[in-house]
Amino acid sequence: MLCLTALWLNTKIMNPNYAILFEPVPIGPVIAPNRFYQVPHASGMTESNPRVRAAFRATKAEGGWGVVSTGAVSTHPSCDDSPLPFARLWDENDIRSHALATEAIHAHGALAAIELWHGGGAVMNRTSRIAPYSPSGIPWSATHVGFMGQLKPRIMTGDDIQDVIRWQVAAAVRARRAGYDVIYVYAGMGYLGYEFLLPEYNLRTDAYGGSLENRTRFVKELIESTKEAVGDTCAVALRISLEELRARPSENNESEAHELVSLLSDLPDLWDVKMDSSPTDCGASRFRAEGSHEPVIDFVKKLTTRPVVGVGRFTSPDTMVSQVKRGILDLIGGARPSIADPFLPAKIKAGKENEIRECIGCNICIASWHDGVPVRCTQNATVGEEWRKNWHPEKFPRLGSDDKILIVGAGPAGLEAGLIAAKRGYQVTIADAEKTLGGRLVFESSLPGLSEWGRVADYRLYALQAMVNVEIYPDNRLNAEEILELEQERIVIATGASWTNMLYSSLEIPLGSLDGEAVFTPDDLSKGNLPNGRVLVYDFDNYYLGGVLAEFLARKGLDVSYATPAGHASAWTIMTNEQPFVHQVLHEHNVGILTSMLLKTFQPGALVLENIFTGATQNLEIDSVVIVGQRMPRDELFHALLARKDEFSDAGIKSVDRIGDCLAPGALVHAVYSGHEYGRQLDEPELSETYLRDIPIADIDPGPAISN
Ligand code: ADP
Ligand code: SF4
């Protein structure tokens, strides 16, 4: 079996086991050309960036996704999720803007799908100032910090219900005019359709409340009306969350989810089934494995003859085939895998599945949505730059000179810079001080839950090792003297950053360092130098590492506490959907969490914390401290070289640049982007730090926001 696999890979012929993934699938009146279905996911691009959006979606169609969907598209100003960067289909200008995308998607033979959406009581209508809509006046997840707002939604009248259905229909008609082939009704993730399904949110006593059949009526009418309006030429899909419903007993069926699917069975042309909230639906790999939705959605196909699509961060074609063969899914849904590698289907078809740039489940893409900007991806630096910078994920400009490139440092930045330069045809040499390549990932991907992050290094090393114009030298710490002698024209310093033991005051003013043998940084831990006794992890980096190290040390049997000036453990991971699970995992490992605290003083055995608001102090018996705080560039080599600038021309050196953490310490996504930018723009100085600026389409004059 192994030999056969090797043969297919070498000869670049599709593994026949995967042929099933390329079968066409009828969806109502349209036909998906294969089973690769890019399900709706946010792009953050909106109608303000129609060309950026069209190119982003079209690249996936080019890469072989048979269906390419929008993210959620508001049907009406009463669904206004600002300040989040949501999309709209409210008027003529929006039709033109969407048509750019559908035309570009169709040009590659894919179907275009649109997720029409009404946010109900989960949106605050901060811009439109319309009182939000809900079944019974209960805002979605009022306790959740991400949804906090001071406006409670209206209780919809019967006329309000008919209005929302009318707006869906009007938007569906516009969507067909914009060229969409699949049109969604959305009943998931706390939005209006879903709010009708749950009795805690739907307290109505009319025909839309009470029994499950009544609670389903609104969604049913949305589907029926949409089908009546556009169902002759477009497929009408239902996207629905089933996690909570599956957990609810039903008098007539195994669960309310079973009962609901039986009730609607063949009404939608397609079932798009998912989890209930972003943290479980789009779970980070640290807490959710590939295919984690299956126990919730595995029954749907048994209760409908319509095709079913679902997600699960699928990157392995074997897993995809298994989903189809075992009767779980007809169409393999992908959101993050399609962002990380838009060419995933094409690579499987070409027998190059080991060249897939697999999603690592870090959820930086989600964080971009929460940041209110176009999507960014750790694995794929070209995302969002397809039109702005003319960056294609698989095509690269030819080299601009015969210059030889020396990259010092084989972390994410150095590997990406080397790979892109090598793909362009440059002669690339990469040297790293360590025996194992991958930079910070060597240690970090060994920590609890982070193994998939190792794919960032693995993907690049795999590709680099196969290239004849690349030489890689591990275990080679270089100094300025050696570099001057190496006869390389372009020097790239990618030597990363170091964690410091710097502290801050409550006014965010650096207070100097905390020294001593019992004070550790993540760099110490990465070298195997571990703390002893009762340990406090003091985290003001606020991303994943402080929480992960606390878990790591607790798993080793140490007595660990965690303190932070922030209001939650790993506070920034709210952006990546991880934060609730960070608290859970630390709780499971008996790690006490102390929030709103500054580290005031420490000597082994005695540590003092101070509340950032009240100044009240708390004494703890702590033997060792791990500070996860400020990082500083490891840029001594860069400056040592600059100090010898006079010798560059004799040494043949044309440029010395620093990239990645050595330039500006950040997350993996920043390091990869920095490396990519270097490789892409080498010898193309006019491109440096510039991009095309998109503008909204405005064929018609400004007019009423509500056009129907
Ligand atoms: P980034 O995230 O910017 O890629 P990393 O810290 O992950 O940065 O990787 C930096 C890499 O640079 C590490 O693997 C480290 O061993 C290597 N390195 C640091 N200094 C030198 C040096 N003088 N010579 C060779 N390699 C170095
Ligand atoms: Fe996957 Fe991370 Fe890229 Fe999102 S940002 S698609 S989770 S690799």
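Fair warning: this is a prediction, and the values are worked out from it, not measured in the lab. (Residues numbered from 1 in each chain as written. Chains lettered and ligands numbered in written order. Predicted model: local features only at pLDDT ≥ 70, side-chain atom pairs only at ≥ 80, totals over all residues. Heavy atoms only, no water.)

Peer 1: Before we go on, may I ask you to explain the packing of aromatic side chains in this structure?
Peer 2: Applying the stated rule across the entire model yields 19 aromatic pairs. Ring centres of Phe196 and Tyr208 lie 6.4 Å apart, and the angle between their planes is 70 degrees; this geometry places the pair in the edge-to-face category. Highlighted residues: Phe196 in helix H5 (residues 192–197) and Tyr208 in the loop between H5 and helix H6 (212–230), separated in sequence by 12 residues. Side by side, Phe196 and Tyr208 carry an identical accessibility label, which is buried. Summarising the aromatic geometry, the rings of Trp453 and Tyr544 are spaced 4.6 Å apart at their centres and angled 65 degrees between planes, so their arrangement reads as edge-to-face. Taken together, the residues span a long stretch of sequence, with Trp453 in the loop between helix H16 (440–444) and helix H17 (455–465) and Tyr544 in helix H20 (residues 544–555) at a distance of 91 residues. The same class applies to Trp453 and to Tyr544, which are both buried. When the ring centre of Phe86 is taken as origin, the NZ or CZ atom of Arg88, which lies over that ring, is 4.2 Å away. Sitting over the ring of Trp90, Arg88 keeps its end group 5.1 Å from the ring centre. (Phe/Tyr/Trp six-rings, centres within 6.5 Å; stacked < 30°, edge-to-face > 60°. Helix = DSSP H or I, 4+ residues; strand = E, 2+ residues; numbered from the N terminus. Buried < 20%, exposed > 50% of the residue type's maximum accessible area, 1.4 Å probe, protein only. Lys NZ or Arg CZ within 6 Å of the ring centre and 35° of its normal.)

Peer 1: Where do I start with the site of ligand 1 in this structure?
Peer 2: The environment of ligand 1 is formed by 23 residues, the closest being Ala413, Asp432, Ala433, Arg440 and Asp661. For ligand 1, an oxygen atom lies 2.6 Å from a polar atom in the side chain of Asp432. Between an oxygen atom of ligand 1 and a main-chain N or O atom of Arg440, the distance comes to 2.8 Å. Coverage of ligand 1 by the protein amounts to 94% of the 590 Å² it exposes when considered alone. (Near = heavy atom within 4 Å. Polar contact = N/O pair within 3.5 Å; in protein donor to acceptor, adjacent residues only side chain to side chain. Areas by Shrake-Rupley, 256 points an atom, 1.4 Å probe, with all protein chains shown as cover.)

Peer 1: Mind showing me how you'd approach the packing of helix H3 (residues 92–106) against helix H4 (residues 158–178) here?
Peer 2: Helices that pack against each other are described as a pair by the angle of their axes relative to one another and the distance between those axes. Where H3 meets H4, the closest approach of the two axes is 8 Å, and the angle between their N-to-C directions is 45 degrees. If you check the angle between H3 and H4, you find them oblique. Crossing angle aside, the handedness with which H3 passes H4 is right-handed. The residues of H4 that touch H3, namely those facing Glu92, Ile95, His98, Ala99 and Thr102, are Arg174, Arg177 and Ala178. (Axes fitted to C-alpha atoms, helices over the stretch in contact; angles between N-to-C directions. Parallel < 35°, antiparallel > 145°, perpendicular 65-115°, else oblique. Left-handed = near helix turned anticlockwise from the far one by under 90°. Contact = heavy atoms within 4.5 Å.)

Peer 1: Is there a simple way to explain the pairing of strand E15 (residues 427–431) in this structure?
Peer 2: Along a regular strand, successive side chains alternate from one face of the sheet to the other. For E15, the tally of buried residues reaches four of five residues, placing the bulk of the element in the interior. Of the pairings in the sheet, the one linking strand E14 (residues 404–408) to E15 comprises five bridges and is parallel in character. In the strand pairing of E15, Val408 is matched with Ala431. Crossover handedness for the path E14 to helix H15 (residues 412–423) to E15: right-handed. Sheet analysis places E15 next to strand E16 (residues 470–473), joined by four bridges and oriented parallel. Across the sheet, the residue bridging to Val428 is Val470, located in E16. (Pairing = 2+ DSSP bridges. Right-handed = clockwise from strand over helix to strand, strands pointing away.)

Peer 1: Looking at this structure, how should I read the site of ligand 2?
Peer 2: The environment of ligand 2 is formed by 13 residues, the closest being Cys359, Cys362, Asn363, Cys365 and Cys377. Elements with a contribution of two residues or more to the shell around ligand 2: helix H12 (336–340) and helix H14 (364–371). Looking at the shell around ligand 2, its residues break down into seven nonpolar, four polar and two charged. (Nonpolar A, V, L, I, M, F, W, Y, C, P; charged D, E, K, R; others polar.)

Peer 1: For this particular structure, what's the right way to read the sheet that holds strand E23 (residues 559–563)?
Peer 2: Where strands meet in a sheet, backbone hydrogen bonds hold them as pairs that are either parallel or antiparallel. Taken together, the five strands give an open sheet; going across it, the order is E21-E28-E22-E23-E24, and neighbouring strands pair in parallel fashion. At either end of the open sheet lies a strand with only one pairing partner, and these are strand E21 (519–520) and strand E24 (592–594). Both strand E22 (residues 534–539) and E23 contribute to a ladder of five bridges, which runs parallel. Residue pairing in the sheet places Tyr538 in a bridge with Ala563 of E23.

Peer 1: Any chance you could explain the side chain of Ser74 here in plain terms?
Peer 2: Among the secondary structure elements, Ser74 is positioned in strand E4 (residues 67–74). Look at Ser74 and you get buried, because its relative accessible area is 0%. Only 3.0 Å separates the side chain of Ser74 from the side chain of Trp90, close enough to count as a polar contact.

Peer 1: Looking at this model, I keep getting lost on the environment of Pro522. Mind explaining?
Peer 2: Structurally, Pro522 can be placed in helix H19 (residues 522–526). A relative accessible area of 3% means that Pro522 is categorised as buried. Sequence spacing of Pro522 and Asn501 is 21 residues, and the spatial spacing of their C-alpha atoms is 9.8 Å. Sequence-distant contacts of Pro522, that is, excluding residues within four places in its chain, are made with Phe443, Trp499, Leu545, Leu549, Ile627 and Val628.

Peer 1: For this particular structure, what's the right way to read the environment of Pro85?
Peer 2: Structurally, Pro85 is set in the loop between E4 and strand E5 (87–88). By relative accessible area, Pro85 is classed as buried at 11%. Taking C-alpha positions, Pro85 is 8.1 Å from Pro374, a pair spaced 289 residues apart along the chain. In contact with Pro85, other than residues within four places in its own chain, are Gly44, Thr46, Trp369, Gly372 and Val373.

Peer 1: Is there a simple way to explain the state of the cysteines in this structure?
Peer 2: Among covalent bonds in proteins, the disulfide is the one between the sulfur atoms of two cysteines. Per the stated rule, a full pass over the model turns up zero disulfides. No disulfide involves Cys282; its sulfur sits 5.6 Å from the nearest other cysteine sulfur, which is in Cys365. (Disulfide = S-S within 2.5 Å.)

Peer 1: Help me understand unusual backbone geometry in this model?
Peer 2: If a residue is not glycine, its phi is most likely negative; likewise, a peptide bond is most likely trans. Following Ser82, the chain continues into Pro83 via a peptide bond in cis, with omega recorded as 10 degrees. Considering the arrangement of structural elements, one finds Pro83 in the loop between E4 and E5. The backbone phi angle of Thr46 is positive, close to 60 degrees, even though this residue is not glycine. Structurally, Thr46 is set in the loop between strand E3 (36–38) and helix H2 (50–62). Judged by relative accessible area, which is 10%, Thr46 ranks as buried. If you check the backbone angles, Asn590 has positive phi at about 55 degrees while not being a glycine. Relative to the helices and strands, Asn590 resides in the loop between helix H21 (579–588) and E24.

Peer 1: Even after reading the chapter, I still don't get the environment of Arg555, so can you show me in this structure?
Peer 2: By secondary structure assignment, the location of Arg555 is in helix H20. For the pair Arg555 and Leu641, spaced 86 residues apart in sequence, the C-alpha to C-alpha distance is 43 Å. With residues near it in sequence (within four places) discarded, Arg555 still touches Pro448 and His589.

Peer 1: Just to check I follow, could you spell out the layout of surface pockets for this structure?
Peer 2: It is the rolling of a water-molecule-sized probe over the atoms that shows where space remains empty. Here the second largest pocket is characterised by a volume of approximately 1200 Å³. Where the lining of the second largest pocket is concerned, the elements lending two or more residues are H14, H20, strand E30 (655–658) and helix H24 (668–681). By residue number, the principal contributor to the lining of the second largest pocket is H24, which donates seven residues. Tallied by class, the residues present in the lining of the second largest pocket amount to 22 nonpolar, 11 polar and 14 charged. (1 Å grid on protein atoms, 1.4 Å probe; cavity = no way out; pocket = protein on both sides within 12 Å on 5 of 7 lines; lining within 4 Å. Points joined across faces, edges and corners; volume = space filled by probe spheres on them.)

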